[in-house]
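Report on the structure
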Amino acid sequence: MLAAILICGSTTAQAVEVSDSLTTVSKSSQTVFYTFTYPSVSATGEEVVLSSSLIAWMPEEPNESDSIESLHIYSHYTIMADKECPTSNLNIKDRAIFSLLVKNSYGLGLDDNLNFIAHSVVIAPDYEGYGETRDRAHPYLVQELTARQVMDAVDYGLKLYRKHVNDKQALEFKSTWRSFGFGFSQGGAVALAVQRYMEREGLDETLRYRGTICGDGPYDLIATMRYYMEDDGNSYGQETDHRKGISTMPMVIPMIVKGMLDTHPDMKGHRLEDYLSQQFLDTGIMEWIESKDFVINDIHEKWYNQLQEGFEANGRSYTKEQMAELFESPKKNRVWAHIDKLFAPDFYNYLANADNFNAVPKEKGDAFKDFHRALADNGVCTGWEPKHRIQFVHSKGDMVVPFANYLSFRDAHPNGEGTLYKIDDSLSPSDHIDVGTVFFLNLSTTGSYGEIFQWLDEDGKASGIKDNKRETINDIHWYTLDGRCLVGKPAQKGIYIHQGKKQIVK
């Protein structure tokens, strides 16, 4: 029987059922696209049903020896519109990436050494706020929560996939199967947070995790904000068009502010107006974000028109000259923001004082210090020591997610560079969107990331697993003694069943 959980959105309520099987969306000669819904925990701590894609390698006429060799956990980049989420039929970009990855474009079917990359299952969650939960707020860059939700998708998706294997509708997992994580931009940070979550919860061993590929991710939100305030186009030995006090992708700032307000316990009682200027709010940015109807280019175009013509909103009028104080356009339909006008004046003054960032404030109740602490709490550089390898890809010319994010991770783990983790900055001086394009091309078509996967895979060679026969994947769910399946590892003390054995949670 399907379980039903009531999802309460900002304007509507709908009952979303947990899937009892994968839903086939499309098939090609070697790939099957599925969607499913799964139980998880929301930003408010309540039960919620989220949605995800699952893409599997499945030849039309499989050989008896064919089997799944890898699981890829995909964390997606920043999106604005719901039509961009992984389960959307309109998301052609991700479908092409996954199709090429699964088809073995690396060796075009000729290089058996790379089959472990392509003969795979990919699980790609929507995140809360998209897909089945588009009426809910998206907890943007709330790393621990999103990592938990991604892993719940992996947990439940594998359970459903196993049903298809048992029904002879899908390929079994090879006994030497392993898993990898990857993502770019927001997805790069989420992928790193997923590795941290797995290692903390002991899921890395269950999933035979090898490591993560992180592209231009915001691992340190404070370092990102400091770059906007301080960089004058010459940081990291790389010349760029950035200048002090400029945001080249302004919509990410209100998304960050909203994400912290919606989720961080210390941000309760604070308001958008504490952080963002009235003029910036009047442009309509929060309504556009909440609607989930507009992609980033749509918003740039709306702002460009306001910059050219001025506008009226909420009983206030803004001239072209006033808009030029807030925005500038380096090229048509591309808008940058002056953050001294984007932020509320007092908050800007707090950000502009570098002395405020010598340490994370401990006292609570002040809107600016609470936000500062919320940013720090959602970093993924400190507070853990990775067990598995990480390949960073980051351009020194990224003006949206600066190279400082990688440097923050490196400074927190100074003894691991070159062994535990590596950096590829060869895409410098390219900016964020161009880097993302190449990142996914390298991942899915050109095959240049084959060596990266092989380097990550070496991390697990000591496992001693050499048998090539197929097997059914392990059940990574937790159950009560009466057989009830739980959402993730239980927090309450007691005795549970996990992987066929009694486990004591203390």
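To keep things clear, this report deals only with the structure shown in the data block. (Residues numbered from 1 in each chain as written. Predicted model: local features only at pLDDT ≥ 70, side-chain atom pairs only at ≥ 80, totals over all residues. Heavy atoms only, no water.)

1. Quick look at the overall build of the chain
Each helix and strand in the chain was counted, giving 17 helices and 20 strands. Counting every position in the chain, which comprises 506 residues, the buried fraction comes to 59%. When contacts within the chain are restricted to residue pairs at least 6 apart in sequence, those whose partners lie at least 24 apart make up 70%. With an accessible surface of roughly 21,200 Å², the chain has 46% of that area assigned to carbon and sulfur atoms. (Helix = DSSP H or I, 4+ residues; strand = E, 2+ residues; numbered from the N terminus. Buried < 20%, exposed > 50% of the residue type's maximum accessible area, 1.4 Å probe, protein only. Contact = heavy atoms within 4.5 Å. Areas by Shrake-Rupley, 256 points an atom, 1.4 Å probe, with all protein chains shown as cover.)

2. Things to note about the pairing of strand β14 (residues 334–338)
Burial analysis of β14 places 4 of its 5 residues in the buried class, the great majority of the element. As paired strands, strand β10 (residues 246–247) and β14 are joined by 2 bridges and run antiparallel to one another. From the neighbouring strand, Ser247 faces β14, where its bridge partner is Ala337. Both strand β13 (residues 327–331) and β14 contribute to a ladder of 3 bridges, which runs antiparallel. The partner of Lys331 across the bridge, within β14, is Arg334. Count of turn residues in the β13/β14 antiparallel hairpin: 2 residues, of which Asn333 carries a positive phi of about 65°. (Pairing = 2+ DSSP bridges.)

3. Considerations on the packing of aromatic side chains
Under the defined criterion, the tally for this structure stands at 34 aromatic pairs. Relative to Tyr236, the ring of Tyr227 lies with its centre 6.3 Å away and its plane at 10°, an arrangement referred to as stacked. On the basis of relative accessibility, which here comes to 25%, the residue Tyr236 falls in the partly exposed class. Here a set of aromatic residues connected by ring pairs shows up, and it is made of Tyr219, Tyr227, Tyr228, Tyr236, Phe392, Phe403, Tyr406, Phe409 and Tyr421. If you follow Lys292 out to its NZ or CZ, it ends over the ring of Tyr130, 5.2 Å from the centre. (Phe/Tyr/Trp six-rings, centres within 6.5 Å; stacked < 30°, edge-to-face > 60°. Lys NZ or Arg CZ within 6 Å of the ring centre and 35° of its normal.)

4. Considerations on the environment of Leu71
Among the secondary structure elements, Leu71 is positioned in strand β6 (residues 68–75). When neighbours within four sequence positions are excluded, Leu71 is seen to be in contact with Val121, Ile123, Val154, Leu158, Phe173, Trp177, Arg178, Ser179, Phe180 and Leu207.

5. Observations regarding the pattern of salt bridges
Applying the stated rule across the entire model yields 22 salt bridges. One salt bridge connects Arg134 with Asp293, and the closest N-O pair in it is separated by 3.1 Å. In this pair, Arg134 sits in the loop between β7 (120–125) and α3 (143–166) while Asp293 sits in the loop between α9 (285–291) and α10 (296–309), placing the two residues 159 residues apart along the sequence. Where Arg373 meets Asp370, a salt bridge forms, and the shortest distance between an N and an O atom there is 2.5 Å. With Arg373 and Asp370 both in helix α14 (residues 367–377) and 3 residues apart, this pair spans about one turn of that helix. As far as burial versus exposure is concerned, Arg373 and Asp370 are alike and both buried. By sharing partners, the salt bridges in this structure join Asp266, Lys364, Asp370 and Arg373 into a single network. (Salt bridge = Lys/Arg side-chain N within 4 Å of Asp/Glu carboxyl O.)

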